[in-house]
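Listed below are the residues making up each chain.
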Amino acid sequence: MSTDYQRARAALGRRLRELRVESANGRLTGTALAQRLGWPQSKVSKLENGRQTPTEDDLRAWCEAVGQPAAYPELRSRLKGFESHIRSWRRRLAAGHAPVQEEWNTLVAETRTLHVWDTFAVNGMLQTADYARNLFERYAEFRNSPRDSEDAVRARMKRQEWLYQPGKQLKTLMWEGALRAETCPPAVLAAQLDRLVGLVGMDTVQLGIVPLDAALRLPPGNGFWILDDRLVTVEDWHAALWLDDAETIALYRRVWETFAESAVYGAEAQQVIARVRRSIKV
């Protein structure tokens, strides 16, 4: 969980405590408030100390219990503000992968330059339909989300039209390990690598490969996307982080530039991809 998120949650907890202490019903102890709400006392403590994220219903109930219902809009606004930075996959995939892909289509359409670092799979902007389909099916099985792989694939393929628009630039770096990950049948992976070789040198694509034996100034870490220096998205197993403050965006640009120093491009990148391609037993 990000430091900014923790700080925001702690600040919300302090505000909840203030409302309890300044209660219109008289000073309430945490124990008394818990009894009034029908909650374990530990829940009140965790909320006030920023160790648990409240729901909107929790905030509404708290305001009613301390006799300050007018404070609810402020608390809800605070919650929405810091929740927007962490987007749970469980919630986002409740309706399947296709809506998430459509949301990405809108974001990318508004973007002129993408800086991407991929460590776990070939970048979605460069995937073949078969490769994308295998990933969606595996994630749907893993997360037990709706099976809508065909719709998700169509949305992802539609997004790739961005690559053929003048003025767009995809600056993507991929760790060689992402090319080698056999998360699909060998024939599908081979076809995906063939596509990558053909994309090297495309006007709107700057493709860099960081070889496994390259000297790295930083560990590979998680993959991330930077959209026009206005937004960074980072994917983890539980959620995607959406980070939009200037300091954090600048940090991720420095990380990207650090990996760019270890990457190879053009013919050298094609050689790395071809080497991986030859190792696949089709």
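Further up the page is the structure itself.
Definitions and cut-offs
- Residues numbered from 1 in each chain as written.
- Predicted model: local features only at pLDDT ≥ 70, side-chain atom pairs only at ≥ 80, totals over all residues.
- Heavy atoms only, no water.
- Helix = DSSP H or I, 4+ residues; strand = E, 2+ residues; numbered from the N terminus.
- Buried < 20%, exposed > 50% of the residue type's maximum accessible area, 1.4 Å probe, protein only.
- Lys, Arg positive; Asp, Glu negative; His and termini not counted.
- Charge placed at Lys NZ, Arg CZ, Asp CG, Glu CD.
- Pairing = 2+ DSSP bridges.
- Contact = heavy atoms within 4.5 Å.
- Salt bridge = Lys/Arg side-chain N within 4 Å of Asp/Glu carboxyl O.
- Phe/Tyr/Trp six-rings, centres within 6.5 Å; stacked < 30°, edge-to-face > 60°.
- Lys NZ or Arg CZ within 6 Å of the ring centre and 35° of its normal.

Engineer: Explanation requested: the overall build of the protein chain in the structure shown.
Structural biologist: A tally of helices and strands in the protein chain yields 13 helices and 7 strands. Scored against the burial criterion, the 282 residues of the protein chain give a buried share of 48%. One way to put it: in the protein chain the 40 positive side-chain charges average out to a point 4 Å from where the 36 negative ones average out.

Engineer: Could you clarify how one ought to interpret the pairing of strand β7 (residues 239-243) in this entry?
Structural biologist: Residues in a regular strand point their side chains to alternate faces of the sheet. Burial within β7 is extensive, with 5 of its 5 residues counted as buried. Of the two faces of β7, the one holding A239, L241 and L243 and the one holding A240 and W242 are both buried throughout. Relative to β7, strand β1 (residues 86-88) runs antiparallel, the two sharing 3 bridges. Directly across from I86, in β7, lies its bridge partner L241. The pairing of strand β6 (residues 231-235) with β7 spans 4 bridges and is antiparallel. Its bridge partner being in β7, V234 is matched across the sheet by L241. The loop that links β6 with its antiparallel partner β7 comprises 3 residues.

Engineer: Help me out: how do you make sense of the environment of L33 in this one?
Structural biologist: For L33, the position within the fold is in helix α2 (residues 30-37). Exposure remark for L33: the relative accessible area of 0% places this residue in the buried category. Taking the C-alpha atoms as reference points, L33 and V66, 33 residues apart in sequence, are found 7.8 Å from one another. Other than its neighbours up to four places away in sequence, L33 contacts R20, L28, V44, W62, A65 and V66.

Engineer: What am I meant to see in the pattern of salt bridges here?
Structural biologist: When the charged atoms of two side chains with opposite charge come close together, those side chains can pair. Counted by the stated rule, this structure contains 19 salt bridges. D151 is paired through a salt bridge with R154; the nearest N and O atoms lie 2.2 Å apart. Of this pair, D151 and R154 both sit in helix α9 (residues 149-159), 3 residues apart, which is roughly one turn of the helix. Here D151 falls in the partly exposed class, since its relative accessible area comes to 41%. Between R180 and E176 there is a salt bridge whose closest N-O contact spans 2.8 Å. In this pair, R180 and E176 both sit in helix α10 (residues 176-180), 4 residues apart, roughly one turn of the helix. Among the ionic contacts, a cluster of salt bridges with common partners joins R15, E18, E74 and R78.

Engineer: I tried to follow the packing of aromatic side chains on my own but got confused; where do I start?
Structural biologist: Per the stated rule, a full pass over the model turns up 6 aromatic pairs. Summarising the aromatic geometry, the rings of F224 and Y252 are spaced 4.9 Å apart at their centres and angled 75° between planes, so their arrangement reads as edge-to-face. Remark: Y252 occurs in helix α12 (residues 246-260) and F224 occurs in strand β5 (residues 224-227); sequence separation between them is 28 residues. One aromatic cluster is present, formed by W104, W225 and W242 through successive ring pairs. Stacked on the ring of W39, the Lys or Arg K43 has its end atom at 4.0 Å from the ring centre.

Note that every value here comes from positions in space, so none of it alone points to a role or purpose.
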